[in-house]
Amino acid sequence: MSDYNDIEKEFGVNLFNKRGITLVKGHNARVWDQDGKEYIDCTTGHGVANIGHAHPEVAKAVAEQAAQLITCSGSFSNDKRAALMQKLIDLSPASLRKVFLCNSGTEAVEAALKFARVSSAKSEFVCAMRGFHGRTMGALSATFNPKYKKPFEPLVPGFRFVPYNNPEKLRAAVTDNTAAILLEVVQGEGGVHPGTVEYFEAVKQICTENNILLIIDEVQTGFGRTGKLFACEHFDLQPDLLCLAKSIAGGIPMGAVLCSDKINVSPGQHGSTFGGNPLACAAALATIEILTSENLPQEAEKKGRYFREKFTAAMPGRVRELRQIGLMIGIELKEKVQPYIAALQERGVLAMPAGATVLRLLPPLTISYRELDEVLSALLDVLN
Ligand SMILES: *Cc1c(COP(=O)(O)O)cnc(C)c1O
């Protein structure tokens, strides 16, 4: 059998620290490598497979749509796209009235930044330290981690960074030229840090008082991950721009920006060749139907609580803190996390880091309690 690791190493641009296994199949919470070894997947492509891998309803929707119509420019309407737009507006916070569809999280953030600038006629943004918003030049400018940014400077000017969960610093960073505040509801890549009630109350107030737009990045927290369909619901947030992607279409690439009435754009100011293509829209419709009909946000809430109870009852000494909201789980260690991730993989559990010391788990919301028990037992073994 070919060693696909060697082939990817030879031909792939050197951008990933490879995990050393080749995944060829998935079903619900499980994936298999080329040798047939089985893993419980708590990485889900960084939180993409919320409904599990290779969901048969999504596979069916994609196959049927592929045979019907794959591409359709935004200049023409389409049945699947229209249905998805209506669905997203029905299910999202009441402030949101319009949809722009694209193909990834970073594109959703790029679009939101452009929409905020053109709608406000202002050019600056206030963002959070530890925040992550993507890899393209605009979204990268809004991202905090200097490791991702430094080699690519100069970036887009006008981005200020303030500590997360600190209302005073946020208030102080606002100027007459601030177009928008851009925040995650739970910082994902930054180490799984949830925002607090007091913080988001202050955020709402600062935006209202200063007539500043609120951009919320739910690329990772959206679609049930935190125990609500949108993490905004935990704080009754009514954003002006809501960025979505990752799990929106069951694994098919898609991003979306939902907009309030304060967003005004006109034809030609933005666009996307693939955005809103019928194939991805059909996959998203099937995915959202599964999420809602199977009450998966509630499942995430219950399973997250179950995990917390079991894990804290046996908390290993090298754990500094457990941060958990729904099935978005960060276990901060007192030491580097990489060796533990490797040991878990050896034991058949795929986890990932969020920074140097945080072990992050983003299992499918459909994971069974038995599988969660297996994850817990592997974790406790490895960490003890
Ligand atoms: C993953 C992520 C992005 C970027 O999404 P891509 O699809 O990788 O471009 C943006 N924001 C947040 C919060 C993310 O977790």
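Residues numbered from 1 in each chain as written. Predicted model: local features only at pLDDT ≥ 70, side-chain atom pairs only at ≥ 80, totals over all residues. Heavy atoms only, no water.

- As recorded by an unreviewed UniProt entry, the protein chain carries the name Aspartate aminotransferase family protein and is attributed to Caldithrix abyssi.
- The Pathway (unreviewed entry) field of the UniProt record for the protein chain holds the comment "Amino-acid biosynthesis."
- Its UniProt record gives the protein chain a comment under Cofactor (unreviewed entry), which states: "pyridoxal 5'-phosphate". (UniProt positions renumbered as here; feature names shortened; annotations may be inferred.)

**Some details on the environment of Ala245**
And step 1. Assignment of secondary structure puts Ala245 in the loop between β11 (241-244) and β12 (255-260).
And step 2. Considering only alpha carbons, one finds Ala245 and Leu101, 144 residues apart in sequence, at a separation of 9.5 Å.
And step 3. Leave out the neighbours within four places in its chain, and Ala245 touches Ser104, Gly105, Val219, Met254 and Gly255. (Helix = DSSP H or I, 4+ residues; strand = E, 2+ residues; numbered from the N terminus. Contact = heavy atoms within 4.5 Å.)

**With respect to the side chain of Asn103**
And step 1. Within the secondary structure, Asn103 sits in the loop between β4 (96-102) and α5 (105-120).
And step 2. A residue is classified by how much of its surface remains accessible, and Asn103, at 19% relative accessible area, is buried.
And step 3. A polar side-chain atom of Asn103 sits 3.0 Å from a polar atom in the side chain of Glu107.
And step 4. Those residues in contact with Asn103 that sit more than four places away from it in its chain are Pro253, Met254, Gly255, Ser272, Phe274, Gly275 and Asn277. (Buried < 20%, exposed > 50% of the residue type's maximum accessible area, 1.4 Å probe, protein only. Polar contact = N/O pair within 3.5 Å; in protein donor to acceptor, adjacent residues only side chain to side chain.)

**As for the side chain of Thr143**
And step 1. For Thr143, the location among the structural elements is in the loop between α6 (137-142) and α7 (146-149).
And step 2. Residue Thr143 is classed as buried on the basis of its relative accessible area, which comes to 0%.
And step 3. A distance of 3.0 Å separates a polar side-chain atom of Thr143 from the backbone oxygen of Ala139.
And step 4. Apart from residues lying up to four places away in sequence, Thr143 is in contact with Gly131, Phe132, His133, Gly134, Tyr148, Lys149 and Phe161.

**Some details on the sheet that holds strand β17 (residues 358-361)**
And step 1. Taking strand neighbours across the sheet as the criterion, the 4 strands line up as β13-β14-β17-β16 in an open arrangement whose pairing is antiparallel. Pairing within the sheet leaves two strands with one partner each, and these edge strands are β13 (319-325) and β16 (352-353).
And step 2. Each of β13, β14 (328-333) and β17 touches helix α11 (residues 296-313); the most contacted strand, β13, lies at about 165° to it. (Pairing = 2+ DSSP bridges. Axes fitted to C-alpha atoms, helices over the stretch in contact; angles between N-to-C directions.)

**Considering the environment of Asp261**
And step 1. Note that Asp261 resides in the loop between β12 and α10 (278-293).
And step 2. Excluding residues within four positions of it along the chain, Asp261 makes contact with Ser95 and Arg97.
And step 3. Polar side-chain contacts of Asp261 include one of 3.1 Å to the side chain of Arg97.

**Remarks on a nonpolar patch on the surface**
And step 1. Among the surface-exposed residues, Tyr4, Ile7 and Phe11 lie close enough to one another that they form a single nonpolar patch of about 320 Å² accessible area.
And step 2. For Phe11, the position within the fold is in helix α1 (residues 4-11).
And step 3. Residue classification places Phe11 among the exposed positions, given a relative accessible area of 64%. (Patch = residues over 30% accessible without salt bridge, like charges linked within 9 Å, V, L, I, M, F, W, Y side chains within 5 Å. Areas by Shrake-Rupley, 256 points an atom, 1.4 Å probe, with all protein chains shown as cover. Salt bridge = Lys/Arg side-chain N within 4 Å of Asp/Glu carboxyl O.)

**Considering the domain arrangement of the protein chain**
And step 1. Each assigned domain of the protein chain is listed here: domain 1 (4-54 + 296-383) and domain 2 (58-293).
And step 2. At the interface, 25 residues of domain 1 touch 26 residues of domain 2.
And step 3. Between domain 1 and domain 2, the buried area comes to about 2100 Å², and carbon and sulfur atoms account for 64% of it.
And step 4. The largest share of the area that domain 1 buries against domain 2 comes from Ile51, Ile325 and Met328, three residues that together contribute 31% of it.
And step 5. Run the count over domain 1 and domain 2 and you get 1 salt bridge.
And step 6. The partner of Glu189 in a salt bridge is Arg360, and the shortest N-O contact between them spans 3.1 Å.
And step 7. On the surface where domain 1 and domain 2 come into contact, there are 10 residue pairs in polar contact (both at pLDDT 80 or more).
And step 8. Mapped onto the side of domain 1 that touches domain 2, the elements with two or more residues apiece are α2 (44-47), α11, β13, β14 and β17.
And step 9. The element that contributes the greatest number of residues to the side of domain 1 that touches domain 2 is α11, accounting for 5 residues. (Domains from an automatic or database assignment. Buried area = accessible area lost by both parts, 1.4 Å probe.)

**A few points about the pairing of β4**
And step 1. Where burial is concerned, most of β4 is hidden: 5 out of the 7 residues are buried.
And step 2. Bridging between β4 and β12 involves 6 bridges; their strand directions are antiparallel. Residue pairing for β12: Cys102 is matched across the bridge by Gly255.

**Structural notes on the layout of surface pockets**
And step 1. Size it by volume and the second largest pocket reaches roughly 680 Å³.
And step 2. Forming the boundary of the second largest pocket are 27 residues, of which Met85, Val99, Phe100, Leu101 and His270 lie nearest the centre.
And step 3. The dominant element in the lining of the second largest pocket, judged by the number of residues it contributes, is β4, at 4 residues.
And step 4. When grouped by side-chain class, the residues that make up the lining of the second largest pocket number 10 nonpolar, 14 polar and 3 charged. (1 Å grid on protein atoms, 1.4 Å probe; cavity = no way out; pocket = protein on both sides within 12 Å on 5 of 7 lines; lining within 4 Å. Points joined across faces, edges and corners; volume = space filled by probe spheres on them. Nonpolar A, V, L, I, M, F, W, Y, C, P; charged D, E, K, R; others polar.)

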